[in-house]
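Residue-level structure breakdown
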Amino acid sequence: MVRDIVTYPDPILAAEAGEVEEVTPEIQALIDDMVETMYAKEGVGLAAPQVGRSLRIITVDPSGPSARDALTVLINPRITCTEGEQESEERCLSVVDATCTFKRAQKITVEGLNKNGDPVTLEFEDFPAIVFQHEIDHLHGVLIIDHVSRLKRALYDKKVRKRLKRA
Ligand SMILES: [Zn+2]
């Protein structure tokens, strides 16, 4: 089932997401919905808070919605090692009409559980590393607008307030 995307300034996007204690059928159903939603919205990644569930789950497919051949699901992911630096220009389904440019690590090591609840350690570099860092940020209540200057952030907040007033 395709779920609705929660957008900024919804407070769930600013909250620290909770650890998944057990990979139950309900959690697996949520993961299936997240993957379906990610592809339907033409995203390359999604975090559970973006569909209104404050849980540490991410789905990532840097190959995009047309290829769909590089899907990774991670539960309770944790970045254990970072290396280097790269410039990143990012958008987010939850941060409407914003593009933010800032620095991310070039290479990361991530530990977590796969969809079956088995522990995995994965390494990513370049664009896939960016997507994982972006989605793991969501689990800590961090959005792309938290990575830019206070002035840019203030301008974006003003734009959002205007849009909410119109709605
Ligand atoms: Zn995002």
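Structure first, text after, so check above.
Now for a description of the structure that goes with this document.

Analysis parameters
- Numbering of residues starts from 1 in every chain and runs along the sequence as written.
- This being a predicted model, a pLDDT of at least 70 is required before a residue's local features are given, and a value of 80 or more before pairs of side-chain atoms are given or counted; all residues contribute to the totals for chains, interfaces and linings.
- Working from all heavy atoms in the structure, the side-chain values ignore hydrogens and water.
- The helix and strand labels rest on DSSP assignments: H or I over at least four residues marks a helix, E over at least two residues marks a strand, and numbering proceeds from the N terminus.
- Here the expected span of a helix is defined as 1.5 Å times the quantity of residues minus one.
- Three labels apply to residues, based on accessible area from a 1.4 Å probe with only protein chains included: buried if under 20% of the type maximum, exposed if over 50%, partly exposed otherwise in between.
- The arc in question is the one traced by the directions running from the helix axis out to the C-beta atoms.
- A patch consists of residues whose relative accessible area exceeds 30% and which take part in no salt bridge; residues with like charges are grouped when within 9 Å of each other, and nonpolar side chains (Val, Leu, Ile, Met, Phe, Trp, Tyr) when within 5 Å.
- Here the open area of atoms and residues is found with the Shrake-Rupley method and a 1.4 Å probe, where only the protein chains shown may cover a residue.
- Take a side-chain nitrogen of Lys or Arg and a carboxyl oxygen of Asp or Glu: if they are within 4 Å of each other, that pair is a salt bridge.
- His is not counted here, nor are the chain ends, while Lys and Arg score as positive and Asp and Glu score as negative.
- Where a charge sits is defined by one atom per residue type, namely NZ (Lys), CZ (Arg), CG (Asp) or CD (Glu).
- In this description, a nonpolar core means a group of buried Ala, Val, Leu, Ile, Met, Phe, Trp, Tyr and Cys residues linked to one another through side-chain atoms lying within 4.5 Å.
- Residue contacts are counted whenever heavy atoms from the two residues lie within 4.5 Å of one another.
- Space inside and on the surface of the protein is sampled on a 1 Å grid over the protein atoms alone, with a cavity defined as a set of points where a 1.4 Å probe fits but cannot get out and a pocket as an open set with protein on both sides within 12 Å along at least 5 of 7 lines; lining residues have an atom within 4 Å of a point.
- Grid points are joined across faces, edges and corners, and a volume is the space filled by probe spheres set on the points.
- The nonpolar class holds Ala, Val, Leu, Ile, Met, Phe, Trp, Tyr, Cys and Pro. Asp, Glu, Lys and Arg form the charged class, and all remaining residues, Gly among them, are polar.

**Observations regarding helix 4 (residues 150–166)**
Taking 1.5 Å of rise per residue, 17 residues should cover 24 Å, and helix 4 covers 25 Å from first to last C-alpha, within 8% of that figure. For helix 4, every residue scored as buried is listed here: Tyr156, Asp157 and Val160. The arc that holds the buried residues of helix 4, viewed along the axis, is 105 degrees, so those residues lie on one side. Exposed and oriented more than 90 degrees from the buried face of helix 4 are Leu151, Leu155, Arg161, Lys162, Lys165 and Arg166.

**Digging into a positive patch on the surface**
Taken together, the side chains of Lys158, Arg161, Lys162, Lys165 and Arg166 make up a positively charged region of the molecular surface. When you line up the elements, arginine 166 lands in helix 4.

**As for the nonpolar core**
Nonpolar side chains tend to gather and get buried jointly when the protein is soluble and globular. Core analysis: the biggest nonpolar cluster contains 16 residues, and Ile31, Met34, Leu55 and Ile57 have the highest contact counts within it. Within the residue set of this core, elements represented by two or more residues are helix 1 (25–40) and strand 3 (72–83). If you tally residues by element for this core, the top one is helix 1, at seven residues. With residues near it in sequence (within four places) discarded, methionine 34 still touches Leu46, Ala47, Ala48, Val51, Ile57, Ile58 and Thr59. Ranked by size, the runner-up nonpolar core spans 15 residues in total, among them Val95, Ala98, Cys100 and Ile145.

**Some details on empty space enclosed by the protein**
For the coordinates displayed, the defined rule picks out one cavity of 30 Å³ or more. Of the voids in this model, the largest cavity is the one considered here, and its volume is about 40 Å³. If you go around the largest cavity, the residues you meet are Cys92, Arg104, His134, Asp137, His138, Val142, Leu143 and Ile144. By residue number, the principal contributor to the lining of the largest cavity is helix 3 (residues 126–139), which donates three residues. Residues belonging to the lining of the largest cavity are distributed by class as follows: four nonpolar, two polar and two charged.

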